[in-house]
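# Per-entry structural report
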Amino acid sequence: MREQIKAFLTKLNLLFPLEGKRIEPVLETYTDILLEKCLKTEYDFKKLTSYIVQNYKYQSFPTAKYILDCLPMAEIRHFESVTNEGDVIIVTLPNGMMYSFTVTGYGKELRDIKNKLQFHYGKCEINRYPKGTVLIGDRVIEP
């Protein structure tokens with residue numbers, strides 16, 4: 001990982017040259033800073049370079065903070081295949097309101113939805129039904 005980061009910073013230095021004889025210490029410091037972040041998440045450095053070249057407004061070498069702020073644009077996300085695509089999730093809020101959702105291969109994960117709902121509304125009842133389930137009023141009709 002360290003070598004990938006160094007290669008990225010060297011390429012960035014060709015595009016936005018550092019001035020003076022301080023190139024090596026700066027690149028080492030930036031490498032250490034980025035390595036700390038990159039151990040937790042995987043990034044596409046080619047995509048990161050492209051993003052910085054397109055959005056950076058100055059001719060000088062970008063700051064470490066700027067590069068860190070750009071990292072989310074190059075995050076590599078691994079998606080799991082959804083085996084229950086088409087399932088129906090019915091959320092009942094504490095006040096009795098019911099909302100239905102269909103499971104798809106994209107969007108937010110169920111645990112994120114649960115956390116957000118519980119944060120905003122308190123304890124919610126969440127039920128999962130097989131594909132083809134119909135909600136009519138407060139009645140749930142399974143296939």
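Here the structure is shown first, and the text comes after it.
Rules behind the numbers
Residues numbered from 1 in each chain as written. Predicted model: local features only at pLDDT ≥ 70, side-chain atom pairs only at ≥ 80, totals over all residues. Heavy atoms only, no water. Salt bridge = Lys/Arg side-chain N within 4 Å of Asp/Glu carboxyl O. Helix = DSSP H or I, 4+ residues; strand = E, 2+ residues; numbered from the N terminus. Buried < 20%, exposed > 50% of the residue type's maximum accessible area, 1.4 Å probe, protein only. Core = buried A, V, L, I, M, F, W, Y, C linked by side-chain atoms within 4.5 Å. Contact = heavy atoms within 4.5 Å.

### Quick look at the pattern of salt bridges
Going through the model one piece at a time under the given rule, you end up with four salt bridges. Between aspartate 32 and arginine 2 there is a salt bridge, with its nearest N and O atoms 2.7 Å apart. With aspartate 32 in helix α2 (residues 23-38) and arginine 2 in helix α1 (residues 2-15), this residue pair connects regions lying 30 residues apart in the sequence. The class of arginine 2 is partly exposed, set by a relative accessible area of 33%. Residue lysine 65 pairs with aspartate 69 through a salt bridge whose shortest N-O separation is 3.0 Å. Of the two residues, lysine 65 and aspartate 69 are both situated in helix α4 (residues 64-70); the distance of four residues between them amounts to about one turn of the helix. You can call lysine 65 exposed: its relative accessible area is 57%.

### Considering the nonpolar core
Buried together is how nonpolar side chains tend to be arranged in soluble globular proteins. Counting residues in hydrophobic clusters, the biggest one holds 23 residues, and the most contacted among them are Phe8, Leu9, Leu48, Ile52, Phe61 and Ile67. Elements with a minimum of two residues in this core: α1, α2, α3 (45-55) and α4. With six residues, α2 is the largest single contributor of residues to this core. If we skip the residues at most four places from it in the chain, isoleucine 52 touches Phe8, Leu12, Phe16, Pro62, Tyr66, Ile67 and Cys70. Among the nonpolar cores identified, the runner-up in size contains six residues, and Ile89, Leu93, Val103 and Cys124 belong to it.

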